[in-house]
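Okay, here's what each chain looks like letter by letter:
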Amino acid sequence: MSTGAPIQRVNPMPRSLNSLASCLVRPLQLPCHMRILGILAAVFVAGCMGDVPTGGNAAPDAAPIAIDAPPPPPPIDAPDPAALIKEWSGCMTLANFKTAKMAVTWGSLSTTNGQQCANCHSTGGQGFIASLNETVYFQMVTQQSAYMLKYFTVDSGKVIVNTQSLKNAAITLTDHPRFDPTNNPGMPALQKFYDLTVAVKAAGPCPAPVLVN
Ligand code: HEC
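Residues numbered from 1 in each chain as written. Predicted model: local features only at pLDDT ≥ 70, side-chain atom pairs only at ≥ 80, totals over all residues.

Draft legend 1. Fine view of the overall build of the protein. Helix and strand counts for the protein stand at ten helices and two strands. Each helix and strand of the protein, ordered N terminal to C terminal, gives the series α-α-α-α-α-α-α-α-β-β-α-α. Expressed as a percentage of its 213 residues, the buried residues of the protein come to 15%. (Helix = DSSP H or I, 4+ residues; strand = E, 2+ residues; numbered from the N terminus. Buried ≥ 20, exposed ≤ 12 C-beta atoms within 10 Å, placed from the backbone.)

Draft legend 2. Representation of the nonpolar core in the model. Phe97, Met102, Trp106, Tyr137, Val141, Ala189 and Phe193 are the most contacted members of the largest nonpolar core, which totals 23 residues. Of all the secondary-structure elements, those providing two or more residues to this core are helix H3 (81-91), helix H5 (102-107), helix H6 (117-121), helix H7 (134-143), helix H8 (145-151) and helix H10 (186-203). Per element, the largest residue contribution to this core is four residues, and it comes from H7. (Core = buried A, V, L, I, M, F, W, Y, C linked by C-beta atoms within 7 Å.)

Draft legend 3. Main features of the pairing of strand E1 (residues 152-155). Direction of pairing for E1 relative to strand E2 (residues 158-161): antiparallel, over a ladder of four bridges. The residue of E2 that forms the bridge with Val154 is Val159. Between E1 and E2, which follow one another and run antiparallel, lie two residues, and Ser156 among them has a positive phi close to 50°. (Pairing = 2+ DSSP bridges.)

Draft legend 4. Broad picture of the site of the ligand. Taken together, the neighbourhood of the ligand is formed by 20 residues, with Cys117, Cys120, Gln126, Asn168 and Ala169 sitting nearest. Secondary structure elements with two or more residues in the shell around the ligand: H6 and helix H9 (163-172). Counted by class, the shell around the ligand contains ten nonpolar, nine polar and one charged residues. (Near = placed C-beta within 6 Å. Nonpolar A, V, L, I, M, F, W, Y, C, P; charged D, E, K, R; others polar.)

Draft legend 5. How the structure looks around unusual backbone geometry. Going from Gly204 to Pro205, the amide bond is cis rather than trans, its omega being -10°. When you line up the elements, Pro205 lands in the segment after H10. One non-glycine residue, Gln126, lies in positive phi territory at about 65°. In this structure Gln126 comes out as exposed when scored by C-beta crowding, with 9 C-beta atoms within 10 Å. In this structure, Ser156 is a non-glycine residue whose phi angle is positive, near 50°.

Draft legend 6. Fine view of the confidence of the model for the protein. With 69% of its residues at a pLDDT of 70 or more, the protein has an overall mean of 81. Low confidence marks residues 16-27, where pLDDT is under 50. Its contacts with residues over four positions away, or in another chain, come to twelve contacts. In the predicted structure, residues 43-50 sits below a pLDDT of 50 and forms zero contacts with residues beyond four places in sequence or in another chain. (pLDDT = per-residue confidence, 0-100. Contact = placed C-beta atoms within 7 Å.)

Draft legend 7. Representation of H3 within the structure. Buried residues of H3: Trp88, Ser89 and Cys91, and no others. The arc that holds the buried residues of H3, viewed along the axis, is 155°, so those residues lie on one side. For H3, exposure combined with an orientation more than 90 degrees from the buried face picks out Ala82 and Ala83. Lining the buried residues of H3 we find H7, H8, E1, E2 and H10. (Arc of directions from axis to C-beta.)

Structural data, given as structure tokens:
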């Protein structure tokens, strides 16, 4: 068979197509048309099967590579702000308060329209104290956190001068009388009181805290 003459096909058309062709010229024969439908259905099914993915070249939607979450950072040993404020209350001394001239400057400071801060704040009204009465002023700032925090606050683990509360009153609060929150006689006094208090703390340990609440 392998080396013989080419096979002579009497009818080169596949049998199914051959009968299909003969069927087409005899349109009224029902079995013929059933056969056409059968062939079309087979072609349709084969066409569908051609779309079945082979898997080999499938898109890379395989299982994602598991990446280990980084370990949580070690807890930073930041001091508790409340503890810092409490400690700070013991570091502030009346002697340094006087040396820094806190009462003289803040107690006589005025707003741009000439109103003394003490006019509204001399006894701590409106959540802020500024008074010529050194003893009362010092007690309020050291014993009451609400008043202390208007002058000092905690940032990044240490006590700093609270410039923000003064800017709030001077610039942001719409109903508050305006004043310069940066260049006024009170700010250098506050900075000096801060520096002296930092020095007490650095020499440490500070006297017992006096903060009441
Ligand atoms: C006419 C009265 C009046 C005068 C004068 C006045 N204040 Fe006030 N101050 C207020 C009132 C009222 C509030 C509360 C406003 C609020 O909480 O909305 C306040 C609030 C503040 C606060 C707290 C802001 C905050 O963030 O909570 C500061 C600080 C302050 N004043 C500083 C001053 C200084 C410094 C002066 C003088 C330069 C001054 N005030 C003059 C009435 C006054």
